[in-house]
Structure formats: structure tokens, C-alpha cells
Amino acid sequence: MGILVVLEARDGEIKLSSFEAVSEARRLADAGLGGGEVVALLCGPAAVAGVAAHSGAYGADRVYHAAHEAFGRYQPDGFAGAVVAAQQVTSALHVFFSATAMGKDLAPRVAARLQAGLASDCTALAVEGGKLVATRPVYAGKAIQRVAFTSGVALASLRPKLFALTEHRPGASAPVEALAGFNFEASAWRVMTTGTSAATSGPADLTEADIIVSGGRGLKGPENFHLIEELAAALGATVGASRAVVDAGWRPHGEQVGQTGKTVSPKLYVAIGISGAIQHLAGMSSSRTIVAINKDADAPIFKLANYGIVGDAFEVVPALTEAVKKLQ
Amino acid sequence: MNIAVLMKPVPSTDTRVKVGPDGKQLDPAGVSLVINPYDEFALEAALKLKEAGGGEVVLLTVGTSAWQPTIRNGLAMGADRAILLTADGPLDALQVARALAAEIAAGDFELVLCGKQAVDDDAAQVGPMVAELLERACVTVVTKLTIDGTGAAAAGAACIAQREIEGGLEDVSFALPAVVSCQKGLNEPRYPSLKGIMAAKKKAIDEKPAQVGAPSIEVLSLTLPPDRPVGRIVGEGVAAVPELVRLLREEAKVI
């Protein structure tokens, strides 16, 4: 009857976004959602069972561990089977995921297996009349949708960094129990994840970055992006780009911010030489603080920016990089 | 072998969103529809596979007859024909997936390609739901796809794909039949040729009622996001840099 939260491990640690989801589940359980119990599930190799116990501090009452030697990597069919088994063992009516690459892949699989409604990439959750109501951006944030569930089981994936990480029970450790009763047979899996490789230029992925420095067509050519990279390095930021420069081949598509790229919500977003096409604004308007540097005082980006500098990026950006370096 | 491409017409990305009179859906007035940009990568991948190995490329859409012109743009890119599963009113992802899965099961498709998400509701659910309902292999957010070295999509063919994850890529292996959701970077979608546009006029769009089942999600409201506080211009040129740094450090407290 409780809330089941699917944890995600990376490099032997539970991701903070998972603990955000546990924190939110505890908050909702205390507000009357489900029977008050929060149960976490970790799919992973035997070695990571211990780190899952820490979810007790964020409000999990107990943890199931689905162990498999191949679970060091995300295995879609194996993980989906484990989540369904855990939902049945716990009779949870609510299942939460983080809206990470893994959660976005896993949640709809589970939803189809359980014939359950899924609210993807939620930015807020609430209990209304004892029922879950989810708030989620649509049109890349140009509008906000609120949805309720008419299925017996309700699934939600929670956008990372937006839900408060709360130690409801500081120092508490949740008991970890092996999840039994589902098919661990890898031969039944239709997809096998065989390897991973790193491929970004910055310290963090755009969707996880605290600070993003993005460049647009105002930089005039790919050879000038070193200005963006140097400022990003000084700030400890991740590099982003507008669609125009990605489509022009100046930057890899993985750096694109906007409606057909990444939707981001960093603490600080610095837009340089980006005029602010509506599809770009949609992807970054939920950033906490926005800085714009642009030659054109009438550029739409200035309407959204908390702080703007009207000026030539080729002069302003190196000066800003030097000023930031001096702070450290 | 035949490939189904799941395609959804969506408001073009330069659309200024207005809320409709029911307070739950987009006001469609003045909105121009385009093929969901991610679905174009799926269609391009399908056309390349067809060019290499033969077979038929069929567009599958769940929606209304009003979407026919956008579907025809997909036919102009080179799809052979289209099936439009019609339904009234808004549908949730599971309902759309049920309708598509029933049609795919009744057909002969070794490979189903779709976009990694539609840029209207941003749910990213339908592709993997279809795969689960059909009990087929599914790989999402794919930036590289290789089928059996021959390019032919045949039952049992071994496939490898790369999918985008935070800060990197995952390598995945699977066998057909499968559902693959496509991400930017997989290919460069073609523009319809004049010949393609002419040919598309004669291609069939087969309309039939969608089998959607019960809803599982109810939309309560659609609203515009709160306005951001009005920004301010700190100053002009290099002279404004020290003040910007001070504001970021002392007022916004972000550096």
C-alpha cells in the first residue's frame, strides 16, 4: 500500500536524485498518500546493497535489493521485472522513479506491464483528497500540466534537482532485504547493456550541471568557442549551445539546450551570443539565475535574464573569465 | 522486411503556447503542425534501411483526420503508406500505445522506429510502452544503430545500438523484432524532393478507429508558467563585468 521508490546507483553510490525521490515520497506519505510506508528498491550487484541502507535517512522504512551480476549496468528487462516484482510484493499503489536516462527508459516499461498511468518528468507532486496529483512541464516548459491518475497504480518520474533533499531521519539506516520471487534469468532479457563510454566535455552532464555556459551564433564560428570553454572552466560549468550552432555543425548535438535538445534547470545559466529563440528559451527558462551577454540590446534573451550585459562577447567574456578566476 | 515508423504531428517549436477554452489543452488556433522532430530521425533511419535492404516503410499515427497534411509530409520524405488510427479527444500515452501495439501485432513489422519523445507532451512513453505490450526488445534514445551488418531488418537479426545517458553512451545489443526510439545525432533527416511531394499525393493514408481502452491519466489543467521577474541590464561592455560578478556572488549567491 505504501510508496515504492526505485533507486539508481552509479559508481557504487546511490545518486542524489534517488534520495530526492525518497525524500519526496516520505513527505507525501506523511501527508497521507498510501499507507504511510516508503519502500526503496535497488537493482544492482551484491556489493552495493550497503549503500542503499542510507535511504533510511531520507525517509525509507526498508529497502529491497534485487541482486544480479549483470546489474552493474542498467539492464532494462531485468530492472523492469524487478520493479514489477517489488510492486507486487509491497502492493505499492505509487511507484516513483528519478527522471534520469535510466528512469525515463524504465518507468514506461513498468507502466505498460502494470497497465498503470505514468506522469513523466514531474516538477511537483501533491496529495489532494488522498490522491496523487502531479505537476509537469509540457512543450519544453512553455506550459505546465497538472494530472491525476485513474489507474489503480500510479507512476511518476521526478525531475532531478527540483525536489528537496531532506534528511527526515538523520543518520537512520533502513534494513536491506533481498528481493525474491522474480525471474533473474538473463536469457529471458530481450536487451543486454554491454558497455558504457563517457562522452562530454564538461564536469557534469547538462541535465545535472549546477552551472551552464552556453554559446550561440554570436560567437561567429566554432574556432571562438574556446571563450565559452574558458569561462566554463573558470566557473566549473558545463558547456551548452544553441540549436543554430549545433545545426551548423560547430558543436556536438549533445550540447544543445532547448526544445529539441536538453531541458535544463541549473543554478546559473550564462547565455552568450544567444538571441533567445523561443525554442531555446523553453529549454532553459527554469534556470534559477540567468545571465545574458549579447550585442543586441533588443534580443529576447534579455527579457528572461536576471542580469544582462549589452556588449561584444569577444571583449566581455574574457574579462568575465578573468574576474571569476580572481575570486578563487 | 517491413518497418513501422510511429509518427506524431506536433506544434512547431516556434509556437507561442496559448491555453484553450477548456483550460486543459493547447489552444489550436493559429498553431502550425509539423512532424515531431525526433520522429524525423526515426523516418530517416527507416528509409536508409529500406534503401539498403528493401521492404516497406509504413507511418503509424494515432490522432485525427485533421493531421492528414502533416502525415503526407512524411509520405513525401519517402514512406510508402500511412495508417491513421482515429480517436476523439485527448488520449494518454498508454491508450496511444495500446492502439499502436494492436495495429503492429496485426501487421508484419520486424522493426518499429519512433522519436525519443514528442515535443508537445514531452512524455517519452509511447515507444517503450508499445514494446512492452508486444513483448519486443526496446532501446530508447538511440544515437547509433547497426542491424546485422547487412542493413536488412530481418527476424532474429542481431542489432547493436548506442543510447545516450548522462555524460556518456551505453552500448546495447538485442535482436529483432524490436522497437527503437531515436535521438538527434542518429542521422540527418532528408528534405522531401519535388518528386517525393508529387508521389505522396497518390500514396494511401488508411484511416481506421483506434482501439485505446480505458484512460489512466486525467489532465486537470494546463497553465502558463509564472513570469520570471523582470531582468535588468547591468551595464554595457567590459565596464559592467565587476558589477555582474558582484551581483552573482552577493545577490544571486551562485558563484
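Before reading on, note that the structure itself is shown above.
Residues numbered from 1 in each chain as written. Chains lettered and ligands numbered in written order. Predicted model: local features only at pLDDT ≥ 70, side-chain atom pairs only at ≥ 80, totals over all residues.

Participant: Describe in detail the overall build of chain B, supporting the description with residues and values.
Facilitator: Counting secondary structure elements, chain B contains six helices and 13 strands. Structurally, chain B occupies a C-alpha span of about 65 × 45 × 40 Å along its principal axes. Classification of the 255 residues of chain B by burial places 51% in the buried group. For chain B, restricting intrachain contacts to residue pairs at least 6 apart in sequence, the fraction spanning at least 24 positions comes to 70%. (Helix = DSSP H or I, 4+ residues; strand = E, 2+ residues; numbered from the N terminus. Buried ≥ 20, exposed ≤ 12 C-beta atoms within 10 Å, placed from the backbone. Contact = placed C-beta atoms within 7 Å.)

Participant: For the nonpolar core, give the residues involved together with the corresponding values.
Facilitator: Of all hydrophobic cores here, the largest spans 144 residues; its most connected members are Val5(A), Leu41(A), Val5(B) and Val130(B). One finds Ala292(A), Val316(A), Leu320(A) and Val17(B) within the second-largest nonpolar core, a separate group that totals 62 residues. (Core = buried A, V, L, I, M, F, W, Y, C linked by C-beta atoms within 7 Å.)

Participant: How would you summarise the pairing of strand E18 (residues 307-310) of chain A if you had to cite specific residues and measurements?
Facilitator: In summary, the side chains of a regular strand alternate between the two faces of the sheet. Across the two faces of E18(A) the burial is the same, with Tyr307(A) and Ile309(A) and Gly308(A) and Val310(A) all buried. For strand E17 (residues 289-294) of chain A and E18(A), the ladder comprises four bridges, and the chain directions are parallel. Paired with Ile293(A) across the two strands is Ile309(A), which belongs to E18(A). As paired elements, E18(A) and strand E13 (residues 232-236) of chain B share four bridges and run parallel to each other. Across the sheet, the residue bridging to Ile309(A) is Gly235(B), located in E13(B). (Pairing = 2+ DSSP bridges.)

Participant: Account for the sheet that holds strand E10 (residues 178-182) of chain B, with residues named and values stated.
Facilitator: The strand order E13(A)-E9(B)-E8(B)-E7(B)-E10(B)-E6(B)-E1(B)-E4(B)-E5(B)-E11(B) describes an open sheet built from ten strands, whose pairing is mixed. In the strand order of this sheet, the two ends are held by strand E13 (191-198) of chain A together with strand E11 (205-209) of chain B, each with one partner. Averaged over neighbouring strand pairs, the angle between their axes works out to 35° when direction is ignored. Each of strand E1 (3-6), strand E4 (57-63), strand E5 (81-86) and strand E6 (111-115) of chain B is contacted by helix H3 (residues 93-106) of chain B, which is oriented at about 145° to E4(B), the strand it contacts most. Each of E1, E6, strand E7 (137-147) and E10 of chain B is contacted by helix H4 (residues 126-134) of chain B, which is oriented at about 105° to E7(B), the strand it contacts most. (Axes fitted to C-alpha atoms, helices over the stretch in contact; angles between N-to-C directions.)

Participant: Break down unusual backbone geometry for me, with residues and values.
Facilitator: Residue Leu176(B) is joined to Pro177(B) through a cis peptide bond whose omega torsion reads 5°. Located in the positive-phi region is Asp11(A), a residue other than glycine, with phi close to 50°. Tracing the backbone shows Asp11(A) in the loop between strand E2 (9-10) and strand E3 (13-14). Positioned with a positive phi, Lys220(A) is a non-glycine residue whose angle comes to about 75°. On the basis of neighbour count, Lys220(A) is assigned to the exposed category, with 11 C-beta atoms found within 10 Å.

Participant: Before we move on, could you go through the pairing of E11(B) and cite the residues and values that matter?
Facilitator: Residues and elements named next belong to chain B. The element E11 is barely covered by neighbouring structure, given that only zero of its five residues are classed as buried. Summarising the sheet, E5 and E11 pair through five bridges and their orientation is parallel. If you follow threonine 86 over to E11, its bridge partner there is proline 209.

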